[in-house]
Amino acid sequence: MARRRDRGGSRDVEHAGRVTHSGCPVRGDDRPCLPLNRVTRWPVAGGRVTDHCTCSCGRRFPTSHPDAAEHLVDPVEPGGAVAVAPGVSATWSIDEVRPFDAEDDRAATGVVPVETEVLHRPTSLVGEVTRDVKALAKHMVKVMHRAPGVGLAANQVGAPLRMFVQVHKRALPETLVDPEVRATEGTWTYPEGCLSLQVEETDARLVRPRRIQVRARTLHGDVVEATLDEVVARIAQHEIDHLDGIEYVQRLTGEDGERVYEVMAADGIDTSWLPPTPY
Ligand SMILES: [Zn+2]
Ligand SMILES: [Zn+2]
Ligand SMILES: [Zn+2]
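Only a predicted model underlies this, so the values are computations on that prediction, with no experimental measurement involved. (Residues numbered from 1 in each chain as written. Chains lettered and ligands numbered in written order. Predicted model: local features only at pLDDT ≥ 70, side-chain atom pairs only at ≥ 80, totals over all residues. Heavy atoms only, no water.)

## Observations regarding the nonpolar core
Here is step 1: If you look at the biggest cluster of nonpolar residues, it comprises 47 residues, and the most contacted ones within it are L136, M140, L152, M163 and L228.
Here is step 2: Of all the secondary structure elements, the ones that give two or more residues to this core are α1 (131–146), β6 (151–153), β7 (163–166), β8 (175–185), β9 (188–192), β11 (211–217), β12 (223–228) and α2 (230–243).
Here is step 3: In this structure M140 touches L152, A153, A154, V157, M163, F164 and V165, once residues within four positions along its chain are discounted.
Here is step 4: Within the second largest apolar cluster, 17 residues are counted, among which are V118, C194, L252 and Y261. (Core = buried A, V, L, I, M, F, W, Y, C linked by side-chain atoms within 4.5 Å. Buried < 20%, exposed > 50% of the residue type's maximum accessible area, 1.4 Å probe, protein only. Helix = DSSP H or I, 4+ residues; strand = E, 2+ residues; numbered from the N terminus. Contact = heavy atoms within 4.5 Å.)

## Section: unusual backbone geometry
Here is step 1: Note the cis peptide between A147 and P148, where omega equals -10 degrees.
Here is step 2: Of note, P148 is situated in the loop between α1 and β6.
Here is step 3: Its identity is not glycine, yet D29 carries a phi of approximately 50 degrees, on the positive side.
Here is step 4: Mapped onto the elements of the fold, D29 is located in the loop between β2 (18–20) and β3 (37–42).
Here is step 5: What makes D29 exposed here is its relative accessible area of 63%.
Here is step 6: Phi is positive for E230, which is not a glycine, with a value near 50 degrees.
Here is step 7: In this fold, E230 is placed in helix α2.

## Some details on the UniProt feature "active site" (unreviewed entry) in the protein
Here is step 1: Here the UniProt-annotated "active site" (unreviewed entry) positions come out as E239.
Here is step 2: With respect to the helices and strands, the residue E239 is situated in helix α2.
Here is step 3: Discounting residues that sit within four places of it in the chain, E239 has contacts with M1, G151, L152, A153, Q156 and F164.
Here is step 4: Within the local environment of E239, its side chain forms a polar contact with the backbone nitrogen of M1, the two atoms lying 2.6 Å apart. (UniProt positions renumbered as here; feature names shortened; annotations may be inferred. Polar contact = N/O pair within 3.5 Å; in protein donor to acceptor, adjacent residues only side chain to side chain.)

Take a look at the structure:
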């Protein structure tokens with residue numbers, strides 16, 4: 001997902017009778033930090049399960065905070081030995097990724113543009129995190145920061161694997177492997193753009209679920225279950241859609257959808273790659 005928002009200023013604000021020293025740098029608009037996201041983590045090596053809440057900016061809050069996010073569905077204990085579903089990583093090689101400096105007018109450097117097949121079909125479960133999977137994650141983080149973007153899916157660098165990276169790593173692990181959406185709630189409108197669609201005037205305000213609960217694994221093999229809100233939930237949904245072969249424009253409806261599809265067609269994009277897929 002492309003970076004679309006300037007960071008907000010900071011001023012004293014009052015929220016629920018409490019004065020906070022400044023607005024949250026990520027939420028912007030002088031809104032205070034809140035415990036919007038909650039992440040439970042079961043370490044692969046055993047040991048203490050952690051459970052914490054953060055604002056979008058990563059500021060920590062105790063889970064006992066009155067505004068702390070609750071899980072949308074109960075987290076399911078993964079058990080002592082974390083079972084990893086069989087995936088394709090055993091036979092997949094980092095050599096298959098698009099050359100790092102590949103350039104295309106319609107995508108950020110090193111990112112595949114729309115109309116590339118790998119972007120328009122569902123990715124495969126990763127399974128075991130191999131050395132090549134770790135190398136892929138490192139490559140994706142580099143491409144994301146260089147773009148610059150706030151999130152990137154593996155198929156955006158040409159790897160048909162179910163994993164994504166994102167920048168809010170104090171709120172959610174930077175790399176999520178085999179993410180699965182377990183629940184959604186509400187609706188929220190937020191502007192989106194995409195590193196695979198660098199065509200002017202294709203950004204649009206998009207309505208998606210506001211909160212989601214996601215289960216995934218980290219590169220270390222820990223199982224995480226996260227309830228996410230606002231921008232972190234939005235980035236995760238944009239990237240998980242990529243992993244399911246869906247570009248954000250396919251979620252647009254009404255006049256915004258018509259406008260963006262006209263802009264893409266005028267730019268020579270074959271929009272039959274992008275069949276509307278509204279919620
Ligand atoms: Zn904050
Ligand atoms: Zn509150
Ligand atoms: Zn995207």
